[in-house]
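Architecture and fold: a report
Chain residues, written in single-letter form:
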Amino acid sequence: MGVTVNKPGILTTVQDAGRFGYLGSGFSPSGVMDKRAFRIANLLVDNPANAPVLEFVLAGPTLRFTTNTFIAITGGDFSPCLDGKPLAPYKAHFVRRGQMLTFGAPKTGTYGYLAVAGGSFALPEVMGSRSTNLKCGIGGLDGRALTTGDYLRFETRNLDYLANLGSHVLDDDADFYGFDHDEIILRVVPGPQESLFSEAGIATFYSQAYQTTSKCDRMGYRLEGPAIETINGSDIISDGIALGAIQVPSHGHPIIMLADRQTTGGYAKIGTVASVDIPKLVQCKPGKSIRFTPISVEVAQELVRKEEEEMQALAKIVRRPCYGGVSPRKTARRLTPILEKQARISNGHKLWIELEDEHKRAKAASLSAQHSPTHPKTATKH
């Protein structure tokens, strides 16, 4: 039991955190573009941190569920609807068998994420990941984007309970992404080939605004703006490319490398975007203004630590006990071994719950006798 794809959207793929340890063999990590939205989506449905999700861009899919489950939607605002009724993002929702999930055009952002409770999709790992690598044709569902008629099985079938469901809701992340801001700031660790750029070129890069363009995909985002001057050109002997590396080809316009980037490249890199700021970049629509500011490696590491602390704080909010969060079935299952153990310890004697019942009955009988017309105290009053 799982979900059927009625419409696939523009590009909908199965992704997790990525495929690591294979750059030397020429395999890019792939994985989600927006790791923040990915982590929060799984958190909202009590999934393992690296459970696969559906990632969609610019237009979401149309999906019909064939079993009961819980879902959460994060990232950009794609106006999700369940059987035509609006569905709040950043919240866990119960979905019944036969219901249809649809999405509209994004009001904010460009990437959306759908997490399914119970461990998500039952797909095999390829080199330690279930992420779809479109270029190599591996991972996800047969190494490709979803198409009409595809069927994805869930790890857990007919899931009808999620502990503390009332707490599984968070504020949307609009403030973090800066959807309402005309401009966003990306923090950059300088290097590794900063020395190949002139002082004027470096000054231009950090002082001028750049705009996102339609020339963007899972491999990288090309920006438009003032050309960045080099000393003797930007060609180098090819070396490794990290997530967020900012290449500057001969035309002088920066390209920020992302999830499906090539493993090596022969253009100079003026800096690397801090990993915590990558989600802000990938959710930018074409024409968004971007500025860069330099930070040290130590500051970038501290940002990662703070983000981890924030995620732990969000986990406490989502998992806090709330009204309606106790399952009678689970409570009964937990009490049964306790009562059985008590029965064995008593060795035939009455259980503590039976003694308590007897005490209550005796007290009730005593009160009843006190109010009887034949009781001495009551008879005196008459």
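Because the structure is a prediction, the values reported are computed rather than measured. (Residues numbered from 1 in each chain as written. Predicted model: local features only at pLDDT ≥ 70, side-chain atom pairs only at ≥ 80, totals over all residues. Heavy atoms only, no water.)

1. Here we look at the layout of surface pockets
How we decide: Grid points spaced at 1 Å and placed over the protein atoms alone form the basis of the search, with a cavity being a set where a 1.4 Å probe fits but cannot get out and a pocket an open set showing protein on both sides within 12 Å along at least five of seven lines. Lining residues have an atom within 4 Å of a point. Grid points are joined across faces, edges and corners, and a volume is the space filled by probe spheres set on the points. Comment: elements are numbered from the N terminus, with helices defined as DSSP H or I runs of at least four residues and strands as E runs of at least two. Just so you know the grouping, Ala, Val, Leu, Ile, Met, Phe, Trp, Tyr, Cys and Pro go in nonpolar, Asp, Glu, Lys and Arg go in charged, and all remaining residues, Gly too, go in polar.
Taken as a whole, the largest pocket spans an internal volume of roughly 310 Å³. If you trace the largest pocket, you find 18 residues lining it, with Ala17, Lys35, Arg36, Arg39 and Glu307 closest to the centre. Elements that contribute at least two residues to the lining of the largest pocket include exactly helix 1 (35–44), helix 4 (278–282) and helix 5 (297–318). Ranked by residues supplied to the lining of the largest pocket, first place goes to helix 1 with four residues. Considered class by class, the residues forming the lining of the largest pocket number twelve nonpolar, two polar and four charged.

2. Overview of the pattern of salt bridges
Stated formally: When a carboxyl oxygen of Asp or Glu lies within 4 Å of a side-chain nitrogen of Lys or Arg, that pair is called a salt bridge. Three labels apply to residues, based on accessible area from a 1.4 Å probe with only protein chains included: buried if under 20% of the type maximum, exposed if over 50%, partly exposed otherwise in between.
As enumerated under the stated definition, the model contains 13 salt bridges in all. Between Arg39 and Glu308 there is a salt bridge, with its nearest N and O atoms 3.1 Å apart. With Arg39 in helix 1 and Glu308 in helix 5, the pair connects residues that are 269 residues apart, well separated along the chain. Exposure remark for Glu308: the relative accessible area of 34% places this residue in the partly exposed category. Members of the salt-bridge network, linked through shared partners, are Arg36, Asp173 and Glu310.

3. A short note on the environment of Glu298
Along the chain, the position of Glu298 falls in helix 5. We classify Glu298 as exposed; its relative accessible area is 52%. Sequence separation between Glu298 and Val189 is 109 residues, and the spatial gap between their C-alpha atoms is 9.5 Å.

4. Some words on the pairing of strand 19 (residues 269–273)
Threshold: Following DSSP output, two strands are said to pair if at least two bridges run between them.
Across the five residues of strand 19, four count as buried, placing the element largely inside the fold. Here strand 12 (residues 183–190) runs beside strand 19; their pairing, made up of three bridges, is antiparallel. Within strand 19, the position partnered with Pro190 by the bridge is Gly271. Relative to strand 19, strand 16 (residues 245–247) runs antiparallel, the two being bridged by three bridges.

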